[in-house]
Amino acid sequence: MANRTGNFSHLPLPLVLSGIPKLRGGGEPSERTVQNNNNRAEHGTYIKRRSAELSLFWKERRDGRIRQDLPEIEGGIPLLLEIDPEVDIEFLRGLGFEIVAELKDGFIIVATDDADFTRLNQKVDDFIANLNRSGSPAKLYGLGAEHDRLMRILSDELYQRWNLIQDNDVIIVDVGVECSGNIKLPKYPRKGRNESIEQFNRRVSRWEQRFQDKYMQWDKLKIQREDTLISFVNEYDGEILVIIDGESSIAELPDSFTGRLNINGKCLKDLANNFGYIFEIVLPDDIRILPQDAFNAEAESETNILPPTTDGPIICVIDSGIQEGHRYLAPAILANDSICLLKHTDEVSDYVEEGGHGTRVCGAVLYPDQIPIDGDYQLPCWIRNIRILDDTNIMPDNLNPPYVIKYIVNRFYAGTEDKSKLYNHSIGSSSPCRLMHMSAWAAEIDNQSYENDILFIQAAGNVSSNTIKEYLRTGNEHPQYLLNPLCRVSNPAQSLQALTVGSISLSDYETKDLIALGNKNEPSSFTRTGPGIWDVVKPDVVEYGGTEVKNREDRLITLTTPPEVCPELIRVSPEGPAYSKDAIGTSFSTPKVTHIAAQIQKILPESPALLYRALIAQSARWPEWAQNIESERYAEVLRYIGYGIPNVVRATENNEYRITLITNEQVEIGTREAHIYKIPIPQELSEIGEDFEILIEVTLSYSAKPRRTRRTVKRYLSTWLEWESSRLGEDFETFKQRIFVTGRSMDDDGGIKWAIGSARNQGMAKNFSRGNGTLQKDWAIIKSHELRDAFCIAVRGHEGWGAAFKAQYALAVSFEAIKQDIPIYEPIRNLVEIEIKNQQEMEIEITGIE
């Protein structure tokens, strides 16, 4: 059983079935592809004409490089293609192209070693002649111009500056290079209808060996292309920036690597124009935390502060350093573990003016609500201080963020016995995240979260006061202006694995002359909003980070932060008081959620961090204003506050009217696998005529291996998951048949009015699907008599880019009698214990039905 808090601990979810599900999917080719097939001569002639034009262009460009005695470039020429956006892009390999990166709207960056396009032209000739199996060129819509490719690989800011960059200008850029080549990973085998489980498993074993052989070839190619890039940069007297322990700042993922280069303009343009495997060149993010203006002192307390328990969680605070001798913080600081990754100093203290930043963040982890003024207070967790911001609250360009993430996790999780599972990251760029590809920074968080049992709690980011003033001046009201694309969550808050935290106002504030931008529980004036990349719900949750106050009448808009709208935070002392209410931001809402994660770890220390993330989301609720909003605006609420405000009590315990069931250990699931969990329902709850209102909440939290050169969750991850519940009035046997035998229709959720729904526009939150992200929460209120003998959940695995990398997940399911008119904890607990005992007496049934 799970560890108990009082008599109402979380209970284990009974896993009763595991097997191969019946999956439905696939789509028809687009109308444009059909037209191309019907007009083969016209379409084929167009493709051949464009390939001839590009062949001449590239031959002339390469001859010109030789005449200019520029460094030799090994490998293919880069091209931009447009294809049918609905098809599998792998068909391009058959046309002679290496797939470099998938872009949006059907555009693909490819490379080829053949400047004559011999293979493409042969395939097009076969297509025109209508030979058998020659239809691939119909899905190739066009070969783009070179300036269109350039526009898509450069960040917007860099593209705007492109023609102004001179050959001798020195510039720092992050360059993403694809390195999977034309080495295609084998697809996971399908089980034959009459094939035994033993026969199928033998085929899977042979497939696993082939997969690993191909994957190792990716690694070899990655080393070759890293060496090629380094050699090329050295020819121009540039450098790969070196940051930590003498290692280069190259950040690696399975199919790509990202290097931070210090190069001149001539090298930059030669790379962008001619290095065939580059899919992204961006300027380093402006990573800075804006200063606060206010200074509102609080009197110090007489509290007796006690250190954490010896086995307490150890939290890594990645920030601007911490005033480690602060009397409110010192008992929790593991000073021997403190590090500074800045290049020209070893100082780990917090030198940010106006009260510090990392010191405040650390204080909010330890004191999430308010600073106690008397009595004993035992600190909830230990703190590791990792300084990566300088005295001005900026991360220098000579630190490469993805490599910093990798280094920190290697040191404080993989490289030590006293592992840190929780990482507070109140740091981000000052602009919205890009939507073309997952950034190298966010992808590294995703990768480390898959490789290690860790959780990053990430700030959503802040909109600047000047930007807010401009919105207000031009008639954009709060909170609607927060839905502007410029207010989208900042990099790396779009990370699928990070728990991203936004901010809400902590109080109502209104005077004759002033009014707060947001009443209590409404979005803060500055909080960045979602959705994240690929329409994923972001922020995941929100906490109290304060807000700003504006003047009512004066035409010159001013924004201030009186103490009534600021959270109480520890601050650097003796520069000022030990704590005060003088700072706002998602930087300070984020550590409040880290505190909840630490409390979960205290009661479930052996459980995976994926479960901590699931329980935080599971405990979150929309505030009253959001619950009462018309359902047509549910999507708007999700963009503002995600799943809502988490609650440490709901996250860690239950009561007689609420029960939460969890997968207490990390569960692994592969492609074309399904797990069914069965929660028995007491008869007194499901009897016909009973009309109790029951809130059902389900949260799936999973991780998988990321691949940066692909778009959408389904191709970015090695394996992607979804969950499916039993329908209203559906018993266990019917549910089992639907999952393993008949499959399911994608157009309904069986009468349950889920807030989000399993498909886009299926739930009440239009334009969202819970399956888009790796944190999939949904909730609904049903009548108790609509339940049957059991409520069931199926978790299903689907093939992404690499089925050998299985997904890992945690699952939480809660029932709550929202009017507290029928006790449910004990009746369900008794039946669950019987179900688990029965399962222990027999192996979980494995079904091989195809």
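Trainee: Which residues make up the sheet that holds strand 21 (residues 499–504), and what values go with them?
Mentor: Reading across the sheet, the seven strands line up as 16-18-15-19-20-21-23 and stay open at both edges, with parallel pairing between neighbours. Among the strands making up the open sheet, the edge pair consists of strand 16 (339–340) and strand 23 (541–544). Bridging between strand 19 (residues 422–425) and strand 20 (residues 455–459) involves four bridges; their strand directions are parallel. The residue bridging Asn424 from the neighbouring strand is Ile457, located in strand 20. Sheet strands touched by helix 13 (residues 609–619): strand 19, strand 20, strand 21 and strand 23. Its angle to strand 20, the strand with the most contacts, is close to 40 degrees.

Trainee: Before we move on, could you go through the pattern of salt bridges and cite the residues and values that matter?
Mentor: In the structure shown here, the tally under the stated rule is 46 salt bridges. Arg288 is paired through a salt bridge with Asp286; the nearest N and O atoms lie 2.8 Å apart. For Glu722, the salt bridge identified is with Arg796, shortest N-O distance 3.4 Å. Of the two residues, Glu722 is situated in strand 32 (residues 719–725) and Arg796 in strand 34 (residues 790–799); the sequence distance between them amounts to 74 residues. Across this residue pair, the class does not change: Glu722 and Arg796 are buried.

Trainee: How would you explain the sheet that holds strand 24 (residues 549–551) if you had to name every residue and give the values?
Mentor: Strand order in the open sheet formed by three strands is 22-24-25, and the pairing between neighbours is antiparallel. A strand with exactly one partner marks an edge of an open sheet, and here the two such strands are strand 22 (514–516) and strand 25 (559–560). Examined bridge by bridge, strand 24 and strand 25 share two bridges and lie antiparallel to one another. Looking at strand 25, one finds that Val549 is bridged to Thr560.

Trainee: Provide a residue-level description of the layout of surface pockets, including the pertinent values.
Mentor: Taken as a whole, the second largest pocket spans an internal volume of roughly 960 Å³. As for the second largest pocket, its lining consists of 41 residues, of which Ser155, Asp156, Val282, Pro432 and Arg434 are closest to the centre. Within the residue set of the lining of the second largest pocket, elements represented by two or more residues are helix 4 (146–153), helix 5 (156–161), strand 7 (170–178), strand 12 (256–264), strand 13 (278–282), helix 9 (401–414) and helix 10 (440–451). Grouping the constituent residues of the lining of the second largest pocket by class yields 17 nonpolar, 10 polar and 14 charged.

Trainee: Could you give an account of empty space enclosed by the protein, with specific residues and numbers?
Mentor: Tallied over the entire structure, the rule returns three cavities of 30 Å³ or more. The volume enclosed by the largest cavity comes to roughly 70 Å³. Residue composition of the lining of the largest cavity, by class: five nonpolar, four polar and four charged.

Trainee: So what's going on with the nonpolar core? Which residues, and what values?
Mentor: Judged by nonpolar contacts, the single largest core of 85 residues is most densely connected at Leu366, Tyr367 and Ile383. If one sorts the elements of this core by residue count, helix 13 sits on top with seven residues. Discounting chain neighbours no more than four positions away, the residues touching Tyr367 are Ile305, Tyr328, Leu329, Pro372, Tyr377, Leu379 and Ile570. Ranked by size, the runner-up nonpolar core spans 52 residues in total, among them Tyr677, Ile681, Val698 and Leu700.

Trainee: Residues and numbers for the packing of aromatic side chains, please.
Mentor: Scanning the entire structure with this criterion turns up 25 aromatic pairs. When the ring of Tyr215 is compared with that of Trp218, the centres are 5.8 Å apart and the planes differ by 40 degrees; the resulting orientation is tilted. On the criterion of helical spacing, the pair formed by Tyr215 and Trp218 is a turn pair, its members being three residues apart in helix 6 (residues 197–235). Summarising the burial analysis for this pair, Tyr215 and Trp218 share the class buried. Summarising the aromatic geometry, the rings of Tyr643 and Trp779 are spaced 6.5 Å apart at their centres and angled 85 degrees between planes, so their arrangement reads as edge-to-face.

Trainee: Could you give me a rundown of the packing of helix 8 (residues 358–366) against helix 12 (residues 586–603), with the residues and numbers involved?
Mentor: Running from amino to carboxyl end, helix 8 crosses helix 12 at an angle of 35 degrees, the nearest separation of the two axes being 7 Å. Both helix 8 and helix 12 take part in a crossing whose hand is right-handed. Contacts from Arg360, Val361, Ala364 and Val365 in helix 8 reach Ser587, Phe588, Pro591, Lys592, Thr594 and His595 in helix 12. Taken together, the residues that form the contact of helix 8 with helix 12 break down as five nonpolar, three polar and two charged.

Trainee: An account of the state of the cysteines is requested, with residue identities and associated values reported.
Mentor: If you walk through the whole model with that rule in mind, you get zero disulfides. Not part of a disulfide, Cys316 finds its nearest cysteine sulfur in Cys381, a span of 11 Å. Given the relative accessible area of 0%, Cys316 is considered buried. For Cys381, a relative accessible area of 0% corresponds to the buried category.

Trainee: How would you summarise the pairing of strand 34 if you had to cite specific residues and measurements?
Mentor: Burial analysis of strand 34 places nine of its 10 residues in the buried class, which makes it a mostly covered element. Examined bridge by bridge, strand 30 (residues 674–680) and strand 34 share seven bridges and lie antiparallel to one another. Residue pairing for strand 34: Ala674 is matched across the bridge by Arg796.

Trainee: Before we move on, could you go through the packing of helix 2 (residues 40–67) against helix 7 (residues 265–274) and cite the residues and values that matter?
Mentor: As a packed pair, helix 2 and helix 7 sit with axes 12 Å apart at the nearest point and diverge in direction by 150 degrees. Taken together, the axes of helix 2 and helix 7 lie roughly antiparallel to each other. By crossing handedness, the relation of helix 2 to helix 7 is classed as left-handed. Residues Trp58, Arg61, Arg62 and Arg65 of helix 2 pack against Asp270, Asn273 and Asn274 of helix 7. Within the contact of helix 2 with helix 7, the residues separate by chemical class into one nonpolar, two polar and four charged.

Trainee: Could you give an account of helix 10, with specific residues and numbers?
Mentor: Spacing of three or four residues puts side chains on the same side of an α-helix, whose turn is 3.6 residues. Taking 1.5 Å per residue, 12 residues should reach 16 Å; helix 10 reaches 16 Å between its end C-alpha atoms and fits that length. Of all 12 residues making up helix 10, 11 are buried, and the element is well covered by its neighbours. Inspection of helix 10 places Ala440, Trp441, Ala442, Ala443, Glu444, Ile445, Asp446, Asn447, Gln448, Ser449 and Tyr450 among the buried residues, and these make up the whole buried set.

Trainee: Let's hear about the side chain of Ser573: which residues, and what values?
Mentor: Structurally, the position occupied by Ser573 is in the loop between strand 26 (569–570) and strand 27 (579–580). In this view, Ser573 contacts Gln323, His326 and Ala578; residues no more than four positions away in its chain are not counted.

Trainee: Summarise the environment of Tyr702; cite the residues concerned and give the values.
Mentor: Tracing the chain through its elements places Tyr702 in strand 31 (residues 693–703). For Tyr702, a relative accessible area of 0% puts it in the buried group. Residues Tyr702 and Ile445 lie 257 residues apart in sequence; the distance between their C-alpha atoms is 14 Å.

Rules used in this analysis
- Residues numbered from 1 in each chain as written.
- Predicted model: local features only at pLDDT ≥ 70, side-chain atom pairs only at ≥ 80, totals over all residues.
- Heavy atoms only, no water.
- Pairing = 2+ DSSP bridges.
- Helix = DSSP H or I, 4+ residues; strand = E, 2+ residues; numbered from the N terminus.
- Contact = heavy atoms within 4.5 Å.
- Axes fitted to C-alpha atoms, helices over the stretch in contact; angles between N-to-C directions.
- Salt bridge = Lys/Arg side-chain N within 4 Å of Asp/Glu carboxyl O.
- Buried < 20%, exposed > 50% of the residue type's maximum accessible area, 1.4 Å probe, protein only.
- 1 Å grid on protein atoms, 1.4 Å probe; cavity = no way out; pocket = protein on both sides within 12 Å on 5 of 7 lines; lining within 4 Å.
- Points joined across faces, edges and corners; volume = space filled by probe spheres on them.
- Nonpolar A, V, L, I, M, F, W, Y, C, P; charged D, E, K, R; others polar.
- Core = buried A, V, L, I, M, F, W, Y, C linked by side-chain atoms within 4.5 Å.
- Phe/Tyr/Trp six-rings, centres within 6.5 Å; stacked < 30°, edge-to-face > 60°.
- Left-handed = near helix turned anticlockwise from the far one by under 90°.
- Disulfide = S-S within 2.5 Å.
- Parallel < 35°, antiparallel > 145°, perpendicular 65-115°, else oblique.
- Expected span 1.5 Å × (residues − 1).

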